[in-house]
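# Observations on the model geometry
Okay, here's what each chain looks like letter by letter:
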Amino acid sequence: MQWKNKMNEYMLMVNDALETYIGEHQSVNEEVFEAMKYSLFAGGKRLRPVFSLAVCELLGKEPKQAIPYACALEMIHTYSLVHDDLPAMDNDEMRRGKPTNHIIYGEGIAILAGDGLLNKAYEIMIDHTLKLENPSFGLKAMKSIADASGTNGMIGGQTADLLNEGKKVDERTLAYIHHNKTGALIAAALKAGSYMAEVDDDEAEGWERIGYALGLAFQIQDDLLDIEGNTSEMGKPAGSDERNKKMTYPALYGIEASRERMDELTKEVQMFLKPYGEKSNFLVMLTSALMNRRS
Ligand SMILES: CC(C)=CCC/C(C)=C/COP(=O)(O)OP(=O)(O)O
Ligand SMILES: C=C(C)CCOP(=O)(O)OP(=O)(O)O
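Below you will find a few notes about this structure. (Residues numbered from 1 in each chain as written. Chains lettered and ligands numbered in written order. Predicted model: local features only at pLDDT ≥ 70, side-chain atom pairs only at ≥ 80, totals over all residues. Heavy atoms only, no water.)

### Quick word on the site of ligand 2
Short version of the rule: Think of it this way: one heavy atom of a residue within 4 Å of a molecule or strand is enough to make that residue near it. Whenever two N or O atoms come within 3.5 Å, that pair is a polar contact, provided that in protein one can donate a hydrogen and the other can accept it, and provided that, for residues adjacent in sequence, both atoms are side-chain atoms. In short, Shrake-Rupley with a 1.4 Å probe defines the accessible areas, and a residue's cover is counted only from the protein chains shown. Numbering of helices and strands runs from the N terminus, with a helix taken as a DSSP run of H or I at least four residues long and a strand as a DSSP run of E at least two residues long.
Around ligand 2, a shell composed of Gly44, Lys45, Arg48, His77, Leu81, Arg96, Thr182, Phe218, Gln219, Asp222 and Lys236 is seen. Separating an oxygen atom of ligand 2 from a side-chain N or O atom of Lys45 is a distance of 2.6 Å. Arg48 has a polar side-chain atom sitting 2.8 Å from an oxygen atom of ligand 2. If ligand 2 stood free it would expose 390 Å²; the protein chains cover 89% of that surface. Looking at the shell around ligand 2, the elements with two or more residues in it are helix H4 (67-84) and helix H10 (201-228).

Next comes the structure, spelled out in structure tokens:
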């Protein structure tokens, strides 16, 4: 299973860099640092940073070039989960196999820890971009991540998700939710990775487009697991979507149609990767593993 070794290698690079970036704090604000570290190192799959590193390497550059942007993506993703779990949102008590941030630290600190992770992401990207000989690719990677995380991206998707709880949404609204809530950050991970390999905008947009397909397939599997998976394997509560009256892909289209759509999207991603030949083996394997995952 060579791809798993590669996955471990990328994860180690990301975890080491995250440890360095988060730093140590021994002062009155220590509590918020502890809360940030708690969720960041609770055992996430590190998919978004791994996608960035893998795309950068596939395109012929050292994956470490993408590390600051990859770590920023993981911090933004982690903040979004900390806030998503709050009582005001999904009110979940378990995440990444552990009690959620607000259960351990209380709601106030959990909100601040999310804010802290979000801000830290930009501190890292700005520090690194300022040091680049040619900062334009760093700026483009950073802009991709900022756009994807904002009100026209992940925050927009989460807003639509929240406002439509308990309602039967139409296909367009559900597509908007998925595209933005989950797709945007995954698409930005691929796009930012390609920018760190110094590709032109057309090529970067190709990676972004396929990232959206990957993101939708990933969210469909997440929603299927919420119905069919189990809490101990997933490390987060099964049945959360039903409890929160969320309109999901399987709720609107049914389980069979959801699986078919996920398979189509997976094939689309694999067709995109095919011209890259052997260099794309890791991403091809990771994509199929994600669609068969149990957590
Ligand atoms: C701005 C914010 C707070 C964004 C949250 C984005 C997001 C992808 C949440 C998790 O989605 P989910 O609720 O479908 O997934 P899970 O099953 O992991 O809770
Ligand atoms: C977008 C969704 C479906 C939220 C969970 O994302 P992941 O499944 O990547 O969560 P972690 O492994 O990072 O905890």
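### Some points on the packing of aromatic side chains
Quick note on the threshold: Working definition: rings of Phe, Tyr and Trp (its six-membered ring) pair if their centres are within 6.5 Å, and the pair is stacked with planes under 30 degrees apart, edge-to-face with planes over 60 apart, and tilted otherwise. Classification of residues uses two cut-offs on accessible area relative to the type maximum, computed with a 1.4 Å probe and protein chains only: under 20% is buried, over 50% is exposed, and between them is partly exposed.
Taken as a whole and assessed by the stated rule, the structure comprises 7 aromatic pairs. On the basis of an interplanar angle of 80 degrees and a centroid distance of 4.9 Å, the ring pair of Trp207 and Phe272 is categorised as edge-to-face. One end of the pair, Trp207, is in helix H10; the other, Phe272, is in helix H14 (residues 255-273), and 65 residues separate them in sequence. You'll find Trp207 and Phe272 in the same group, each marked buried. Judged by centre distance (5.4 Å) and plane angle (40 degrees), the rings of Trp207 and Tyr276 are tilted. A residue pair is termed long-range when its members are at least 10 positions apart, and Trp207 in helix H10 and Tyr276 in the loop between H14 and helix H15 (281-291) qualify at 69 residues. Given a relative accessible area of 0%, Trp207 falls into the buried group. Each member of the aromatic cluster is reached from another via a ring pair, and the members are Trp3, Tyr10 and Phe282.

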